[in-house]
Amino acid sequence: MNNIPLIPVLLLGAVLFCLGILAVITKRHAIVVLMGIELIFNAANLNLVAFNRHQPDLMQGQVFSVFVMVIAAAESAVALAIILKVYSYFKTVNLDQIRHETDV
Amino acid sequence: MSLVLIFFYVFGFLAIASAAFMLATKNVLYAAFGLLVTLLSLAAIFILLFADFVAITQLMVYVGGVLVLILFGVMLSNQVQGRAVQSESVNGISGGLVASAIFGGLAYLILSADYLLPEGITVADAAPANTKSSIIAIGIRLITNFALPFEVASLILLIALMGAAYISTEDKHE
């Protein structure tokens, strides 16, 4: 039958989550950090959809993953507005330079 | 090994490879394209997991919305002319250590956990048997069991859009 076992899907989600964490930690361009956060959202969505197959009558996993996408869209809109505002103020989106200029 | 499983591994490999490419490249625009391939392969995996509505939402919201927003952000926050937008990486070793430690913990948990499937439901039954699509079930759930989260999500979207529009307006009193 057409079934994908649960474990590889969860491992794929874990790998994508860690790659997103790595992007957030190592990258210094604010937009690339935002991409890492999107990757983390997608890994969470993958887990929700994978577990949804084992309790399919309520559709909880898929409905919740749609809500996660709503939150992700709202988050990226606000984050990009903040990034553009920061760019117009500091003339850079490099996080280290911004931190150096604000001297926190 | 069934065809579905082969497709799953192909798209999973593609997702991981393009996410790694997103990390490895220095060009921000190439990183956005790597993220695009990751999102597309994840949409394919959602289809393989019988979540067609989630897959279509992924295509429309992420690929059609979020990624275009990110590309706009790359274009608008870029003052170098004729040169690629670079992004430098720092903390490579410590970041790699943290990420691999998190992955080790997650993999250990995933492999050692005891999954208790509900009685009488096997994975083969989990596919929607009588309907070809999950849209009907999701639609019914959204207006019955999950009506309140649905409305709250719409409010959050409205507030976020208003906030983004307010933040990005130019300050006239400088």
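Residues numbered from 1 in each chain as written. Chains lettered and ligands numbered in written order. Predicted model: local features only at pLDDT ≥ 70, side-chain atom pairs only at ≥ 80, totals over all residues. Heavy atoms only, no water.

### Observations concerning the overall build of chain B
Line of reasoning, step 1. Helix and strand counts for chain B come out as seven helices and zero strands.
Line of reasoning, step 2. Counting helices and strands in the order they occur from the N terminus, chain B gives α-α-α-α-α-α-α.
Line of reasoning, step 3. Evaluated residue by residue, chain B yields a buried proportion of 31% over its 174 residues.
Line of reasoning, step 4. By sequence separation, contacts in chain B at least 24 residues apart represent 61% of the contacts at least 6 residues apart.
Line of reasoning, step 5. Split by element, the accessible area of chain B, about 10,600 Å² in all, is 72% carbon and sulfur. (Helix = DSSP H or I, 4+ residues; strand = E, 2+ residues; numbered from the N terminus. Buried < 20%, exposed > 50% of the residue type's maximum accessible area, 1.4 Å probe, protein only. Contact = heavy atoms within 4.5 Å. Areas by Shrake-Rupley, 256 points an atom, 1.4 Å probe, with all protein chains shown as cover.)

### Observations concerning the UniProt feature "transmembrane region" (unreviewed entry) in chain A
Residues and elements named next belong to chain A.
Line of reasoning, step 1. Per the UniProt record, "transmembrane region" (unreviewed entry) is found at residues 6–25, 32–51 and 63–84.
Line of reasoning, step 2. Structurally, residues 6–25 comprises 100% helix and 0% strand, and the distance from its first C-alpha atom to its last is 29 Å.
Line of reasoning, step 3. Strand forms 0% of residues 32–51 and helix 100%; the C-alpha atoms that close the span are 29 Å apart. (UniProt positions renumbered as here; feature names shortened; annotations may be inferred.)

### Some remarks on the interface of chain B and chain A
When the parts of a complex come together, some accessible area is lost, and that lost area is often taken as the interface size.
Line of reasoning, step 1. With 84 residues of chain B at the contact, the number on the chain A side is 71 residues.
Line of reasoning, step 2. Between chain B and chain A, a total of about 7,000 Å² is buried, with carbon and sulfur atoms accounting for 80% of that surface.
Line of reasoning, step 3. On the chain B side of the interface with chain A, the three residues burying the most area are Leu23(B), Leu49(B) and Tyr62(B), jointly 9% of the side's total.
Line of reasoning, step 4. Where chain B meets chain A, there are zero salt bridges.
Line of reasoning, step 5. The interface formed by chain B and chain A includes six residue pairs in polar contact (both at pLDDT 80 or more).
Line of reasoning, step 6. For the side of chain B that touches chain A, the elements supplying multiple residues, two or more each, are helix H1 (3–24), helix H2 (28–48), helix H3 (52–76), helix H4 (92–112), helix H5 (123–126), helix H6 (135–143) and helix H7 (147–167) of chain B.
Line of reasoning, step 7. It is H3(B) that provides the largest number of residues to the side of chain B that touches chain A, a total of 12 residues. (Buried area = accessible area lost by both parts, 1.4 Å probe. Salt bridge = Lys/Arg side-chain N within 4 Å of Asp/Glu carboxyl O. Polar contact = N/O pair within 3.5 Å; in protein donor to acceptor, adjacent residues only side chain to side chain.)

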